[in-house]
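# Residue-level structure breakdown
What follows is the residue order along each chain.
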Amino acid sequence: MKIDKFVIAIIITVIAAYIYPDLGKGESAQVLNTLSSIGISLIFFFYGLKLSPQQIKIGLKNWKLHLLIQATTFIVFPLIVLTTYPLITEDNKALWLAFMFLAALPSTVSSSVVMVSIAKGNIPAAIFNASISGLIGVILTPLWIGLFMTSTGTDYSLIEVYQKLLLEILAPVILGLLLRRFLGAFALKHSKKITLFDKSVILLIIYKSFSKSFLDRIFENLSPLKLLAVLAVAILIFWIVYFFIGFIAKRFHFSIEDQITAQFCGTKKSLVHGTVFSKILFQNASFLGIILLPIMMFHAFQIVAISVIAAKHSRRDL
C-alpha cells in the first residue's frame, strides 16, 4: 500500500504550524485569510466548470441508491454522533462538536469516483451523488452545526453563514456552470493541475487553523492517548456506516455495482468541504485546529480502507 501523498502533506503542514506558528497572527494572518478566501472561491468555480448537468440528469433515475447515500451522509452519520450527546462534559465539548462537524459534512467528489471506478461499481451514480452532495451540504451542514454552536460561546448567525456560503461557494459554482460551455474542456484538460491547486488551498487553511490553535495553546490538554481515542472513534464511525449501508443495500436487493457505489460514496466525508466550511462556520475560532482533527484522521483512514476494499472488488469477474 502506498501512503497517500496528500495525507503526508497534511502531516507536514501541521508540524510546520507547530514549529513556526507566527504566520497565523497579525497582518500575515489577514493575508493568509484573504488568500484562502480567494482560493476557496476558485476551488468552487472550477468545481462548477467540471459539473456535468448531463451526468446529473442521467443519475436521477436510480433514486433508491441516491436516497440511501444522501440519507446516510446527512442523517445517519449525524445521528450516530448525536447518540453520544448526553456524555458531553465541559472538557470534551469542542471535540464532540468536531465529530458532529465531521458527521454533517458532504461526501467528497474525486476520490469517491476514482475508487468506485477501480472497484467496478456504478460510475455515473457515483459522479451524480458526489457532485450533488456538496451542494446539499451547503444547506444542511450549517443547520446541523447551528443546533449546537450556542453552547461554545462562539457567535453563530445562520444568515451570516449562508451569506458567506453564497458569496464564496454557491456564486462561484453557478458562475462555473454558466461558463462551462466555454471553459469546461479547459478545466477537464488541466484537471490534475486544478486538483493540485485545490489541495494547496486546503493545506493553507489547515496551516492557518492549526497555527492559531497552537498560538492559543488549545492542544495542551490533548494527550497522545486522547489523539488515539479520536482516531479510534473516527474508524469506528466509518465501519458502523459501511456495514449499515451494506445491510440496507442487500435488503433493497441492490446489484453489486450499486452496493459498491453506496458504500464508497456513503462513507466518504470531504476534507475540502471540511476545511472550507470550518473557516466560514466557526469564523476562525481558537479551537479550529481541534475541529479539523477528526475529519483529517477520518480522511486518512477512509483512503486506506476504501483503497483496500476497491482493490479486492477489482479482481472479481464481471
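Residues numbered from 1 in each chain as written. Predicted model: local features only at pLDDT ≥ 70, side-chain atom pairs only at ≥ 80, totals over all residues. Heavy atoms only, no water.

Looking at an unreviewed UniProt entry, one finds the protein named Bile acid:sodium symporter, with Mesoflavibacter profundi as its source organism.

## Brief notes about the side chain of T275
Note that T275 resides in helix 13 (residues 271-281). Judged by relative accessible area, T275 falls into the buried class, the value being 0%. If near-sequence neighbours (up to four positions away) are discounted, T275 is found in contact with I202, I205, I206 and L292. (Helix = DSSP H or I, 4+ residues; strand = E, 2+ residues; numbered from the N terminus. Buried < 20%, exposed > 50% of the residue type's maximum accessible area, 1.4 Å probe, protein only. Contact = heavy atoms within 4.5 Å.)

## A closer look at the UniProt feature "transmembrane region" (unreviewed entry) in the protein
Residues given the UniProt feature "transmembrane region" (unreviewed entry) here are residues 7-23, 29-47, 67-88, 94-119, 126-145, 165-183, 227-249 and 287-311. Secondary structure within residues 29-47 divides into 100% helix and 0% strand; the distance between the first and last C-alpha atoms comes to 27 Å. Between the C-alpha atoms that bound residues 287-311 the distance is 38 Å, and the span itself is 96% helix and 0% strand. (UniProt positions renumbered as here; feature names shortened; annotations may be inferred.)

## Section: unusual backbone geometry
Of note in this structure, K120 is not a glycine but carries a positive phi near 60 degrees. In this structure, K120 sits in the loop between helix 6 (110-118) and helix 7 (123-146). The phi angle at H253 is positive, at roughly 60 degrees, despite the residue not being glycine. Mapping H253 onto the fold places it in the loop between helix 11 (224-251) and helix 12 (256-266).

## Comments concerning helix 11
Taking 1.5 Å of rise per residue, the 28 residues of helix 11 would be expected to cover 40 Å, and the 41 Å separating its terminal C-alpha atoms lies within 8% of that figure. Every buried residue of helix 11 is accounted for by V230, A234, I237, F238, V241, Y242, I245, G246, I248 and A249. On its buried face, helix 11 is in contact with helix 4 (63-82), helix 5 (93-104), helix 12 and helix 14 (288-314). (Expected span 1.5 Å × (residues − 1).)

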